[in-house]
Amino acid sequence: TEMSRAAERLRLLINHLDRPSDAIVSFESHPLICKTQGEYTLDTDLLTPEQRLSYEQNGYILIKNLVSEEDINRFRYTHTRLCRQEVKAPGLVTMRDLAILKSEFVPDQRAISKIQDFQEDPELFRYCTLPQILKYVECFTGPNIMAMHTMLINKPPDAGKKTSRHPMHQDLHYFPFRPADWIVCAWTAMETVNRQNGCLVVLPGTHTGTLQEHDYPEWEGGANKMYHGVRGYDSQHPRVHLEMEKGDTVFFHPLLIHGSGMNQTQGFRKAISCHYASADCYYIDVNGTTQENIANEVKEITMRKYAGQEISFQDSWAFRGRLVKGERTSL
Ligand SMILES: CCCCCCCCCC(=O)SCCNC(=O)CCNC(=O)[C@H](O)C(C)(C)COP(=O)(O)OP(=O)(O)OC[C@H]1O[C@@H](n2cnc3c(N)ncnc32)[C@H](O)[C@@H]1OP(=O)(O)O
Ligand SMILES: Nc1ncnc2c1ncn2[C@@H]1O[C@H](COP(=O)(O)OP(=O)(O)OP(=O)(O)O)[C@@H](O)[C@H]1O
Ligand SMILES: O=C(O)CCC(=O)C(=O)O
Ligand SMILES: [Fe+2]
Ligand SMILES: [Mg+2]
């Protein structure tokens, strides 16, 4: 087909970027999918050349006002009800902040700093199927789309030990599937997020690097379970604070190094997110890789949850994943 002038211009710009050779991905079986060397985005007519270039160079794009106020209010309402245990969703994982672990548990959103795996809650999962989100996701994953991981993060006011921080990390550390370029996270602010309440902090361009070794950060006040950070994190790399309004959505690459600062306000800072992957991705064996430490932690937890049954790291992902578009070809 004829390449549009805009795409041509983009290609020229991309050719000037210095890219590692492992960025080459081509899925010949898919006519729509034709990413070539050094391309992280697909030409689906949605992204402007500037937006594509921005993702290629920075590893993320921020789309203002993508999710409606009404939808977000509905998600907030459902979140409150899930936390109060007024509704249940099979598989839902709730997390309490380290700072309040020792106190009595009261079922309330203020006691739950994060819920994960809401794929069985039809109302919250609606977020993962919003057409305006999937249109963007398709630019990174191609047409067969799996929602692999869901979260609603409710960053609590910091209790004084900086436990509300999320260390700098790459999400790929948690994923035993590849290629990385076919995975993308959508993260939507459910209210104003800024430096005060602990917005996302990103290191632009780090998506062109490789997966780094992750471990618990050596923080005086401790770190939450499974909150691994990049080992030997370069504090000199330029940082960008992503300040966002309610409904704004950032799409970012799973190798992009990011984290979030502490919440210095009295409110609970809320965001909803979903990690998507192309259904054409494949599982990998992480034994002997830097991901072995997280795989072991996950296995230990699933073992406890499912009464001693050994579930592989890969299977724990395969049963959480849900097809949201196209065909479930591999994952
Ligand atoms: C699979 C990972 C998915 C990540 C995907 C994509 C990229 C995203 C990057 C991240 O989000 S990194 C952070 C990922 N975080 C998590 O996945 C948190 C998951 N949290 C949980 O699964 C549960 O909150 C947890 C299993 C830790 C506890 O839930 P339980 O209902 O089992 O609680 P319980 O009260 O029984 O506590 C079990 C143990 O966990 C400990 N614990 C609970 N919350 C903790 C906490 N916040 N920090 C440290 N330890 C904690 C608790 O003290 C206790 O320790 P002991 O066994 O030694 O007694
Ligand atoms: N040693 C470290 N290892 C990994 N991540 C870190 C480390 N130190 C800070 N971070 C992360 O860097 C990001 C910024 O954190 P920080 O608390 O400094 O917030 P901030 O946005 O710089 O706020 P301010 O500078 O205004 O206090 C967070 O994701 C934080 O978890
Ligand atoms: O603080 C946040 O909302 C971001 C958390 C995050 O990066 C993650 O859970 O992977
Ligand atoms: Fe993350
Ligand atoms: Mg700081």
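Just so it is clear, the model here is predicted, and its values are computed rather than measured.

## Concerning the coordination of the iron ion (ligand 4)
The protein atoms donating to the iron ion (ligand 4) are His169 (NE2), Asp171 (OD) and His258 (NE2), with metal-donor distances spanning 2.1 to 2.2 Å. Each donor residue of the iron ion (ligand 4) belongs to the same chain, with the gaps between them written as H-x1-D-x86-H. Note that His169 is positioned in strand S5 (residues 166-169) and His258 in strand S13 (residues 258-260), a separation of 89 residues in sequence. Here His169 and His258 have matching classes, each one buried.

## What about the site of ligand 2?
Residues in close proximity to ligand 2 total 13 residues, the closest being His166, Arg195, Arg239, His241 and Ser260. The separation between an oxygen atom of ligand 2 and a polar side-chain atom of Arg239 is 2.8 Å. His241 is positioned such that a nitrogen or oxygen atom in its side chain is 2.6 Å from an oxygen atom of ligand 2. Against a free-state accessible area of 620 Å², the protein chains account for coverage of 71% of ligand 2. Comparing atom positions with the cavity grids shows ligand 2 to sit within the second largest pocket. Residue assignment for the shell around ligand 2 shows that the elements contributing at least two residues are S5 and S13. Its residues assigned to classes, the shell around ligand 2 comprises 5 nonpolar, 5 polar and 3 charged.

## Quick notes on the state of the cysteines
Put plainly, a disulfide is one covalent bond tying together the sulfur atoms of two cysteines. Under the counting rule described, the total for this entry stands at 0 disulfides. With no disulfide of its own, Cys128 lies closest to Cys274 among cysteine sulfurs, the gap being 3.6 Å.

## Considerations on the sheet that holds S13
Taken together, the 4 strands give an open sheet; going across it, the order is S5-S13-S8-S11, and neighbouring strands pair in antiparallel fashion. Edge positions in the sheet fall to S5 and strand S11 (240-242), since each of these pairs with one other strand and no more. Adjacent strand axes in the sheet meet at a mean angle of 25 degrees, parallel and antiparallel pairs treated alike. Both strand S8 (residues 200-202) and S13 contribute to a ladder of 3 bridges, which runs antiparallel. Bridged to Val202 within S13 is His258.

## Overview of unusual backbone geometry
Here Arg178 and Pro179 are connected by a cis peptide whose omega angle stands at 0 degrees. As for its placement among the helices and strands, Pro179 is situated in the loop between strand S6 (177-178) and strand S7 (183-189). At Asp117, a residue that is not glycine, the phi angle is positive and equals roughly 60 degrees. Along the chain, the position of Asp117 falls in the loop between strand S3 (114-116) and helix H4 (122-129). By relative accessible area, which is 5% here, Asp117 ends up buried. Positive phi values are uncommon outside glycine, yet Met226 reaches one of about 70 degrees. Within the element layout of this structure, Met226 appears in the loop between strand S9 (214-215) and strand S10 (229-230).

## Quick notes on the site of ligand 1
Taken together, 25 residues lie around ligand 1, and Arg96, Lys114, Tyr174, Asn224 and Lys225 are the ones closest in. Between ligand 1 and Thr94, the relevant distance is 3.1 Å, taken from an oxygen atom to a main-chain nitrogen or oxygen of the residue. Of all elements in the fold, only strand S2 (93-95), S3, strand S4 (145-155), S5 and helix H6 (292-305) reach the threshold of two or more residues within the shell around ligand 1. Here the residues of the shell around ligand 1 sort into 12 nonpolar, 7 polar and 6 charged.

## Considering the pattern of salt bridges
Summed over all chains, the structure comprises 14 salt bridges. With its nearest N and O atoms 3.0 Å apart, the salt bridge here joins Arg74 to Glu123. Here the residue Arg74 occupies a position in helix H3 (residues 69-83), and Glu123 occupies one in helix H4, the gap between them amounting to 49 residues. One salt bridge connects Lys325 with Glu138, and the closest N-O pair in it is separated by 3.0 Å. Of this pair, Lys325 sits in strand S16 (residues 322-325) while Glu138 sits in helix H5 (residues 131-141), and the two are 187 residues apart along the sequence. The partly exposed category is assigned to Lys325, whose relative accessible area is 34%. In the salt-bridge network here, residues are joined through shared partners; they are Asp71, Arg74, Glu123 and Arg126.

## Section: the environment of Ser68
Mapped onto the elements, Ser68 comes out in the loop between strand S1 (60-63) and H3. Placed 122 residues apart in sequence, Ser68 and Met190 show a C-alpha to C-alpha distance of 10.0 Å.

## Section: helix H2 (residues 49-58)
Burial in H2 covers these residues: Pro49, Arg52, Leu53, Tyr55 and Glu56. Buried positions in H2, seen along its axis, are confined to an arc of 160 degrees and lie on one side of it.

## Topic: the pairing of S7
Of all 7 residues making up S7, 7 are buried, and the element is well covered by its neighbours. Residues of S7 alternate between two faces, with Ile183, Cys185, Trp187 and Ala189 on one and Val184, Ala186 and Thr188 on the opposite face, all of them buried. The pairing of S7 with strand S14 (residues 269-278) spans 7 bridges and is antiparallel. Pairing of Ile183 across the sheet is with Ala277, part of S14. Taken together, the 4 bridges between S7 and strand S12 (residues 249-252) define a ladder with antiparallel strand orientation.

Rules behind the numbers
Residues numbered from 1 in each chain as written. Chains lettered and ligands numbered in written order. Predicted model: local features only at pLDDT ≥ 70, side-chain atom pairs only at ≥ 80, totals over all residues. Heavy atoms only, no water. Donors = N, O, S within 2.8 Å, 3.2 Å for Na, K, Ca; no water. Helix = DSSP H or I, 4+ residues; strand = E, 2+ residues; numbered from the N terminus. Buried < 20%, exposed > 50% of the residue type's maximum accessible area, 1.4 Å probe, protein only. Near = heavy atom within 4 Å. Polar contact = N/O pair within 3.5 Å; in protein donor to acceptor, adjacent residues only side chain to side chain. Areas by Shrake-Rupley, 256 points an atom, 1.4 Å probe, with all protein chains shown as cover. 1 Å grid on protein atoms, 1.4 Å probe; cavity = no way out; pocket = protein on both sides within 12 Å on 5 of 7 lines; lining within 4 Å. Sits in = over half its atoms within 2 Å of the grid points. Nonpolar A, V, L, I, M, F, W, Y, C, P; charged D, E, K, R; others polar. Disulfide = S-S within 2.5 Å. Pairing = 2+ DSSP bridges. Axes fitted to C-alpha atoms, helices over the stretch in contact; angles between N-to-C directions. Salt bridge = Lys/Arg side-chain N within 4 Å of Asp/Glu carboxyl O. Arc of directions from axis to C-beta.

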